[in-house]
Amino acid sequence: MASVSLKHIYKKYPGGVTAVSDFCLEIKDKEFIILVGPSGCGKSTTLRMIAGLEEISEGELFIGDKIVNDVAPKDRDIAMVFQNYALYPHMTVFENMAFGLKLRKVPKEEIKRKVEEAARVLDIAHLLDRRPAALSGGQRQRVALGRAIVRQPKVFLLDEPLSNLDAKLRTQMRTELTKLHTRLATTFIYVTHDQVEAMTMATRIVVMKDGLIQQVDSPQKLYDYPVNMFVAGFIGTPQMNFINGTIEKNKGEDDVYFCFGKNKLRLPKEKIEDGQLDEYIGKEVVAGIRPECIHDDPMQLEKFAEWVVPAHVDVTELMGSCIYLYLVSEEQNLIANVDAHSKSEVDTDIKVALDVTRLHIFDKDTEKCIVH
């Protein structure tokens, strides 16, 4: 098993295109690290540099305590699982899983033992004689994982392995991968653009944008304490609401308010006690609030009475366990995640309470978070 260390890694292509900039990350042994971000942010390029499939332009890459910049992919003791499975169609499941071991001239008995053990772990022992064409998408994905497992690598690299599966199967495979990581007790580095996959499986998440790391943290800390508007908007479904407004303070008073339109919300003491908002008095800022922190039921309206604002309901979406309300308040669009038995109806004017204790305030220019 091994740690992975990326020190000031750059990937530059001819013509001056920089895909990855100053990437620094220490991945501990047995961690499940997920690189997440929109298409083109550099996450797959980073994974391919770890695998040795892309050359590193600058920086140092260590697997364990060995620098591997110039080590061939086959000698890095890693295994990669691709989005398209990359199975040989003319070979059986057994032959696909055994192929890498055969190339390494592993004895036949050992190959048989390793393949059967991996097949049992992945619940595909009954499929060993079939060819890929006779398998479902989920089964093919398991075979691709099995082929990686039999190698017993120090590090598993997974590049969007679930993106070709349907929604139900993807959910099931997320659980399977989490169990597999626990069972194998090895290092997983996983790339996805799906933040739900990242939130549900990762030990730590690396959020990337334009080749740069935005934030590295545990899923819950990323959700609760995003460092900027990009991370705040990328992590969470539906995404965080952003409200343009100003920070105001009445002369001779200690209270500080966030104001948008006619709405004036007093900020709790813990949001202002360290004085970080002092320089923003009278200036424009952006407030962020999660959909589940906007309430329409009477009990919450009473609980957060001083933070109630009027809103117009544009659209409602019943999700089964909850309802998404698409609202407009003072020309600002908001999404609220409310109880499935909500009485709010389309094209009506209602009152909603904002839980301002969970409000984030961002600098409008830098988009960095000032107050959580």
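Everything quoted here is computed from the prediction, not taken from an experiment.

Conventions and cut-offs
Residues numbered from 1 in each chain as written. Predicted model: local features only at pLDDT ≥ 70, side-chain atom pairs only at ≥ 80, totals over all residues. Heavy atoms only, no water. Phe/Tyr/Trp six-rings, centres within 6.5 Å; stacked < 30°, edge-to-face > 60°. Helix = DSSP H or I, 4+ residues; strand = E, 2+ residues; numbered from the N terminus. Buried < 20%, exposed > 50% of the residue type's maximum accessible area, 1.4 Å probe, protein only. Pairing = 2+ DSSP bridges. Axes fitted to C-alpha atoms, helices over the stretch in contact; angles between N-to-C directions. Contact = heavy atoms within 4.5 Å. Disulfide = S-S within 2.5 Å. Parallel < 35°, antiparallel > 145°, perpendicular 65-115°, else oblique. Left-handed = near helix turned anticlockwise from the far one by under 90°. Nonpolar A, V, L, I, M, F, W, Y, C, P; charged D, E, K, R; others polar. Right-handed = clockwise from strand over helix to strand, strands pointing away. Salt bridge = Lys/Arg side-chain N within 4 Å of Asp/Glu carboxyl O. Core = buried A, V, L, I, M, F, W, Y, C linked by side-chain atoms within 4.5 Å.

Trainee: What is the right way to look at the packing of aromatic side chains in this model?
Mentor: Two aromatic rings, taken as a pair, are described by how far apart their centres are and by the angle between their planes. As enumerated under the stated definition, the model contains eight aromatic pairs in all. Pairing F32 with F188 gives two aromatic rings, centres 5.2 Å apart and planes at 45°, and the pair type is tilted. Of this pair, F32 sits in strand β3 (residues 32-36) while F188 sits in strand β8 (residues 187-192); the two residues are 156 residues apart in sequence, bridging distant segments of the chain. Residue class for F32 comes out buried when judged on its relative accessible area of 1%. For F188, a relative accessible area of 0% puts it in the buried group.

Trainee: Explain the sheet that holds strand β9 (residues 204-209) here, please?
Mentor: Remark on secondary structure: sheet strands pair via backbone hydrogen bonds, oriented parallel or antiparallel. Taken in spatial order, the six strands make up an open sheet running β6-β7-β8-β3-β9-β10, and their pairing is mixed. Both edges of this open sheet fall to β6 (78-81) and β10 (212-217), since each of them pairs with a single strand only. Taking the axes of each pair of neighbouring strands and ignoring which way they run, one obtains an average angle of 15° across the sheet. Here strand β7 (residues 155-159) pairs with β8 via five bridges, running parallel. Directly across from F156, in β8, lies its bridge partner F188.

Trainee: Whenever I open this one, the environment of E292 confuses me. Can you help?
Mentor: Within the secondary structure, E292 is located in the loop between β14 (284-289) and β15 (294-295). The class of E292 is partly exposed, set by a relative accessible area of 27%. For the pair E292 and T182, spaced 110 residues apart in sequence, the C-alpha to C-alpha distance is 31 Å. What E292 contacts, discounting residues up to four positions off in sequence, is Y223, N337 and R358.

Trainee: Would you mind showing me how to read the state of the cysteines here?
Mentor: As used in these notes, a disulfide is a covalent bond between sulfur atoms, one from each of two cysteines. Per the stated rule, a full pass over the model turns up zero disulfides. Its sulfur unpaired, C24 is 17 Å from the next cysteine sulfur, which belongs to C41. Taking relative accessible area as the criterion, C41 reaches 1% and is therefore assigned buried.

Trainee: What am I meant to see in the packing of helix α2 (residues 93-103) against helix α3 (residues 108-121) here?
Mentor: When two helices pack together, their arrangement is given by the angle between their axes and by how far apart the axes lie. Contact geometry of α2 with α3 gives a least axis separation of 10 Å together with a crossing angle of 130°. The angle between the axes of α2 and α3 places the two elements in the oblique class. In terms of crossing hand, the pair formed by α2 and α3 is right-handed. Contact with α2, carried on its side by F94, M97, A98, L101 and K102, involves I111, K112, K114, V115, A118 and A119 of α3 and no other residues of that element. Tallied by class, the residues present in the contact of α2 with α3 amount to eight nonpolar, no polar and three charged.

Trainee: So what exactly am I meant to see when it comes to the pairing of β7 here?
Mentor: On any regular strand, side chains alternate: one points to one face of the sheet, the next to the other face. Burial analysis of β7 places five of its five residues in the buried class, the great majority of the element. Burial along β7 is two-sided: the face carrying V155, L157 and D159 and the face carrying F156 and L158 are both buried. In this view, the connection linking β7 to its parallel neighbour β8 by way of helix α5 (residues 167-184) has right-handed handedness.

Trainee: Can you help me understand the pattern of salt bridges in this one?
Mentor: Where charged atoms from two side chains of opposite charge approach closely, those side chains can pair. The tally for this structure, following the rule as stated, stands at eleven salt bridges. One salt bridge connects E31 with R204, and the closest N-O pair in it is separated by 2.8 Å. A residue pair is termed long-range when its members are at least 10 positions apart, and E31 in the loop between β2 (17-27) and β3 and R204 in strand β9 qualify at 173 residues. Each member of the pair, E31 together with R204, is buried. A salt bridge links K269 to D255, with the nearest nitrogen and oxygen atoms 3.4 Å apart. Remark: D255 occurs in the loop between β11 (241-249) and β12 (256-260) and K269 occurs in helix α9 (residues 269-272); sequence separation between them is 14 residues.

Trainee: When you look at the pairing of β3 in this model, what are you seeing that I'm missing?
Mentor: Of all the five residues making up β3, five are buried; the element is thus mostly covered by neighbouring parts of the structure. Note: β3 against β9, four bridges, orientation parallel. Residue I33 lies in a different strand from β9, and its bridge partner there is R204.

Trainee: Looking at this structure, I do not really get the nonpolar core. What am I missing?
Mentor: Burial of nonpolar side chains together is a common tendency in soluble globular proteins. Judged by nonpolar contacts, the single largest core of 48 residues is most densely connected at M97, L145, L158, L177, Y190 and V207. It is helix α4 (residues 137-149) that provides the largest number of residues to this core, a total of five residues. Not counting residues up to four positions away in its chain, the partners in contact with Y190 are F32, I33, I34, L35, L158, P161, L162, L177, E197 and M201. Membership of the second largest hydrophobic core comes to 35 residues, among which are W307, L327, V352 and L359.

Trainee: Just checking my understanding: could you explain the sheet that holds strand β13 (residues 263-266) for this structure?
Mentor: With respect to topology, six strands assemble into an open sheet ordered β13-β12-β11-β14-β20-β21, the strand pairing being antiparallel. Edge positions in the open sheet fall to β13 and β21 (369-371), since each of these has one partner strand only. Shown here is a sheet whose adjacent strand axes are inclined to one another by a mean of 40°, direction ignored. Bridge count for β14 against strand β20 (residues 360-363) is four bridges, and the pairing is antiparallel. Bridge pairing in β20 links G288 to H360.

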